[in-house]
Amino acid sequence: MTLRLFLSGTGAALLLLLGACADMQMGPGVAEAMERPAERALVAGLRAYDDATYPEAERQLNQALQLGLQSYRDRAAAHKFLAFIYCTSNRTRECEAAFRAARVADPNFVLSKSEAGHPQWGLVYKRLPL
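Residues numbered from 1 in each chain as written. Predicted model: local features only at pLDDT ≥ 70, side-chain atom pairs only at ≥ 80, totals over all residues. Heavy atoms only, no water.

Caption draft 1: Inspection of the state of the cysteines at higher detail. In total, this model carries one disulfide according to the counting rule given. Here Cys87 pairs with Cys95 through a disulfide, and the sulfurs are 1.9 Å apart. Of note, the bridge from Cys87 to Cys95 carries an S-S torsion of about -85° and is left-handed in sense. (Disulfide = S-S within 2.5 Å.)

Next comes the structure, spelled out in structure tokens:
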């Protein structure tokens with residue numbers, strides 16, 4: 001399995017959960033995190049996003065947020081992927097709101113250089129105040 005394949009799909013979700021565990025002092029491991037409904041919904045949402053089933057991804061990511069993701073990084077990631085979905089479906093206001101919510105969840109939230117250069121959400125992201 002290549003690193004690129006690992007970082008897509010399940011690998012990306014697991015990396016997010018590992019980040020969540022690192023955020024919690026003496027926090028649970030990945031297996032324990034996956035027992036929480038919010039984190040399970042986040043992983044399902046990221047898998048659906050990677051599979052390009054965006055309505056399901058949107059549903060799962062919103063559910064993860066409603067169920068109360070414990071890690072601020074996970075909350076920011078859920079909002080980021082929702083922003084991507086909203087922008088690609090021409091819901092600009094929702095896209096802006098999701099990017100703002102990501103920044104509220106994690107004040108250090110930024111898109112990678114390649115993400116910020118995306119033709120659909122990059123311009124929306126760049127318009128927002130830092």
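Caption draft 2: Structural detail: the packing of aromatic side chains. This model, assessed by the stated rule, comprises eight aromatic pairs. When the centroid spacing of 4.9 Å and the interplanar angle of 70° are considered together, the rings of Tyr49 and Phe81 count as edge-to-face. Here Tyr49, found in helix 4 (residues 37-50), pairs with Phe81, found in helix 6 (residues 72-88); they are 32 residues apart in sequence, far enough to count as distant. When sorted by exposure, Tyr49 lands in the same class as Phe81, which is buried. Summarising the aromatic geometry, the rings of Phe84 and Trp121 are spaced 3.8 Å apart at their centres and angled 15° between planes, so their arrangement reads as stacked. Remark: Trp121 occurs in the loop between helix 8 (113-116) and helix 9 (122-127) and Phe84 occurs in helix 6; sequence separation between them is 37 residues. The class of Phe84 is buried, set by a relative accessible area of 3%. Judged by relative accessible area, which is 7%, Trp121 ranks as buried. Linked through ring pairs, Tyr49, Tyr54, Phe81, Phe84, Phe99, Phe109, Trp121 and Tyr125 together constitute an aromatic cluster. (Phe/Tyr/Trp six-rings, centres within 6.5 Å; stacked < 30°, edge-to-face > 60°. Helix = DSSP H or I, 4+ residues; strand = E, 2+ residues; numbered from the N terminus. Buried < 20%, exposed > 50% of the residue type's maximum accessible area, 1.4 Å probe, protein only.)

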